[in-house]
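Each chain, written out:
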Amino acid sequence: MTVDSATSTAPRQGFRIDFHIWGPVVALLALIALGAFLNSNFLSYGNVTNVLARSAFIGIIAVGMTFVITSGGLDLSVGSMAAFIAGVMIMIMNGLVPSMGVGWGVILVGMLVAIVVGFAAGLVNGLLITQARIEAFIVTLGTMGIFRSLITWLANGGTLSLDYGVREVYRPVYYDGLLGVAWPIIVFAAVAILGEIIMRKTPFGRHCAAIGSNEQVALYSAVHVNRVRLMTYILLGILVGIATIMYVPRLGSASSSTGVLWELEAIAAVIIGGTVLKGGFGRVWGTVVGVLILSLIGNILNLANLVSPYLNGAIQGVIIILAVVLQRQKKMER
Amino acid sequence: MSALPDKPAALEVKDVRRSFGPVEVLHGVDLALHSGEVHALIGENGAGKSTIMKIMAGYLTPTSGEVLLNGKPVTFASSEEAENKGVILIHQEFNLAEQLTVEENIFLGRELKRGFFLDKKAMRAEAARLLNELETRVSPDARVSDISVSDKQMVEIAKALSRNARVLIMDEPTAVLTTREAEVLFRQIERLKAKGTAILYTSHKLDEVARIADRITVFRDGSRVVVANTGEMTEDQMAQAMVGRELSNLFPPKVIPANAETVLSVKDFSVGSIVTNASFDLKRGEILGFAGLVGAGRTELMEGLIGVRQSAGQVEINGNPVSISTVSDARRAGVVYLTEDRKGRGLLLRKSMRENLTLLALNRFGRLAIDSKGEDKALGKAISEFDIRAPNRAVLVGNLSGGNQQKLLLAKTMLAEPEIVIIDEPTRGIDIGTKQQIYNFIQNLAASGKSIIMISSEMAEVIGLSHRVVVMRSGRVTGVLSGDEINEDLIVRHAMGLEGKVAA
């Protein structure tokens, strides 16, 4: 869509413009090459599956975050929301074991709960932002604290553990897969592809970009600004629920430290992928690349002995800032 | 009048040229401002008024030619330097920090200090004195974001006064003021004049120019065409000098539909506290002009009608009562509104033409997935139909000229296939050639059976195009004029409240 328009406005700058669009991809390919060069295990089936499956949680959330940011919003609460959803889900599943027994029935109820709670949390954020007209940053900063505190309270300061029987049944949702591809990867891919199509091809995606570009213009162009905004937060809430569904079988527990800083990782992935933080332009495939870049950095540092893995955060930080610097150059050329 | 020929001008430019890239916008102009004189600069949009004002106030440097301050050549390296030498420009869009108080704004950048600390007391006293002198009731402690537009204007003037302006340049100061506020401004201008300040100001209101200016300079297409003492020129002569041809040629001949049925009927329509009990009818194929001063509530009335603002009252379309509370309700009822604020409310400047064109009528291009081929086709059609001139299809809309943006906005609105088109200031900020195109276009729309409401602050436009004219004043409809009644005199009398309320 708009990607093309950016290129053709300044054809003289061909190479650099291409880099703006393909920059994240180039960076990702460079990281893969570096990883393969440093450690022969890097491209092994086990490592690739591990990296992708671990990125799936942030990735699924980041796809939803792309819509929120594109329409000019922000959601800081997703990490705590995931922890809260995980806690509620575990408590309800544990509570149902005596009556329903151990089996898929309990787990399906748990999954449903995750999606419903995610929906409700997104609805609360969205209504406060669109109806009470409080800034997204403030609202989600508030709900971030609320969700985090609720999970701490529910877990009584400790850890909520899923019933061992249920855990055994649920385990394959994270650890198994279809035709050798782990389930989290499949779900992430499906969410990303759907997200990309919605962003590019549907009126909803177009409206998100219009609202993020200029809310007034959108309003005067018969766009239901509040409804679309609300829907982005609900969509994000549901995706947080889905991410939690994939996350719970991994450890089988939730505590006050679950999902810490996920919101910042998701936002960082969105920005690295080329979505504009102020809104108005977003691309889901870029977000996917952003997620992969962030998790590959950690993986490479762990595999290679070049730099201490403790510097992971520092390198991620440099990448985020670099991505924004590149975005700004694009603006100045216009 | 008050010009003193033996004394050098307070500020003067001689043979100034200015180019932006390859395009020369000022072709060697002269302009002299004398102390104690009010000099009006008039001309159409794009005539070069803003450019010369910016050159005089140090915001731009001339490509060639010289600037003389008290007869001595100067080069202002920046607007700051010009301000330090007493030359101050008040922009049309104010330069105020919205979150700071009035007092903080007045002293912004040159705060009074005692030692390391701000001398709050002295600043407050001085700010209060200046505001008092300007007869405004605005408090020095008020936050600028909370005060009215006219008060902001006064704060700008107070700021200029506090800098001991010897030359004050004002870009359309009265455009945002009500009549009463404008009167206060004129008194201040008189007072500053008496104190020996040289004043240059621009305005599109020629009656106002005739009243308060001592001398008039007319610009057209980057050249000075006339300079005269005020008494030597009638308003008609001013207008003709600005446009450079007979105004009447601009407009297509009126084709007033006979016995057309009423398509829109608005009764006792109120919008907040801004519009009170407005009533009017619109007939099929009619161009209904809306005249009035800026701030008379015309835009707010229309925004209420399309559901952007809360409103109360009865609206009937084709005889059926309708209730419109969102823009999409309005669209479904066949009513569209072209905003006067093209850049802020009309178009997405950082998006391509295609996305802008289809935004209002996006559901015509598929409910689930957008038919981008259909969009491209629609764009092709719009480009040829509306004569949109763009370097290529992918250009960002913000890079188009005002005229082409307006044409795109028209195309966007017409894509919604409306029956009733409300156009707010159809030619604001547009060159004369494009104006003519847009007039013809509006005329053709009406001839094809669409019904048009046109809000305009350009008298010539209202008179030249409208079949009937509704005049508003302070949120009320004060008259509906038709036939021979559509003349400047009657419109102004109604707009100023000099005529009694005419039955609609």
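Conventions used here
Residues numbered from 1 in each chain as written. Chains lettered and ligands numbered in written order. Predicted model: local features only at pLDDT ≥ 70, side-chain atom pairs only at ≥ 80, totals over all residues. Heavy atoms only, no water. Helix = DSSP H or I, 4+ residues; strand = E, 2+ residues; numbered from the N terminus. Polar contact = N/O pair within 3.5 Å; in protein donor to acceptor, adjacent residues only side chain to side chain. Contact = heavy atoms within 4.5 Å. Salt bridge = Lys/Arg side-chain N within 4 Å of Asp/Glu carboxyl O. Buried < 20%, exposed > 50% of the residue type's maximum accessible area, 1.4 Å probe, protein only. Domains from an automatic or database assignment. Patch = residues over 30% accessible without salt bridge, like charges linked within 9 Å, V, L, I, M, F, W, Y side chains within 5 Å. Areas by Shrake-Rupley, 256 points an atom, 1.4 Å probe, with all protein chains shown as cover. Lys, Arg positive; Asp, Glu negative; His and termini not counted. Charge placed at Lys NZ, Arg CZ, Asp CG, Glu CD.

Draft legend 1. Looking closely at the side chain of Thr287 of chain A. Residue and element names in this part refer to chain A. Assignment of secondary structure puts Thr287 in helix α14 (residues 284-303). Among the polar contacts made by the side chain of Thr287, one reaches the side chain of Thr66 at a distance of 2.8 Å. Apart from residues no more than four positions distant in its own chain, Thr287 is found in contact with Ala62, Val63, Thr66, Ala269, Val270, Gly273 and Thr275.

Draft legend 2. Spotlight on the pattern of salt bridges. All names here are of chain B. Within this structure, the stated rule accounts for 28 salt bridges over all chains. The shortest N-O distance in the salt bridge between Glu375 and Arg354 comes to 3.7 Å. With Glu375 in helix α13 (residues 372-385) and Arg354 in helix α12 (residues 353-358), this residue pair connects regions lying 21 residues apart in the sequence. Each member of the pair, Glu375 as well as Arg354, carries the same accessibility label: buried. Look at the salt bridges and you will find they share partners, linking Glu103, Glu104, Lys120, Arg124 and Asp141 into a network.

Draft legend 3. Main features of the domain arrangement of chain B. With domains assigned, chain B is organised as domain 1 (11-245), domain 2 (246-334 + 420-504) and domain 3 (344-417). Using only C-alpha atoms to locate each centre, domain 1 of chain B and domain 2 of chain B end up separated by 33 Å.

Draft legend 4. A look at the environment of Ser256 of chain A. Residue and element names in this part refer to chain A. Of note, Ser256 is situated in the loop between β4 (253-255) and α13 (262-272). It is 9.3 Å that separates the C-alpha atoms of Ser256 and Gly87, two residues lying 169 residues apart in sequence. Each residue touching Ser256, except ones within four places of it in the same chain, is listed here: Arg148, Ile151, Thr152 and Gly158.

Draft legend 5. Seen up close, a negative patch on the surface. Residue and element names in this part refer to chain B. On the surface, Asp207, Glu235, Asp236, Glu488 and Asp489 cluster together into a patch of negative charge. With respect to the element layout, Glu235 can be found in helix α8 (residues 235-243). Owing to a relative accessible area of 31%, Glu235 belongs among the partly exposed residues under this scheme.

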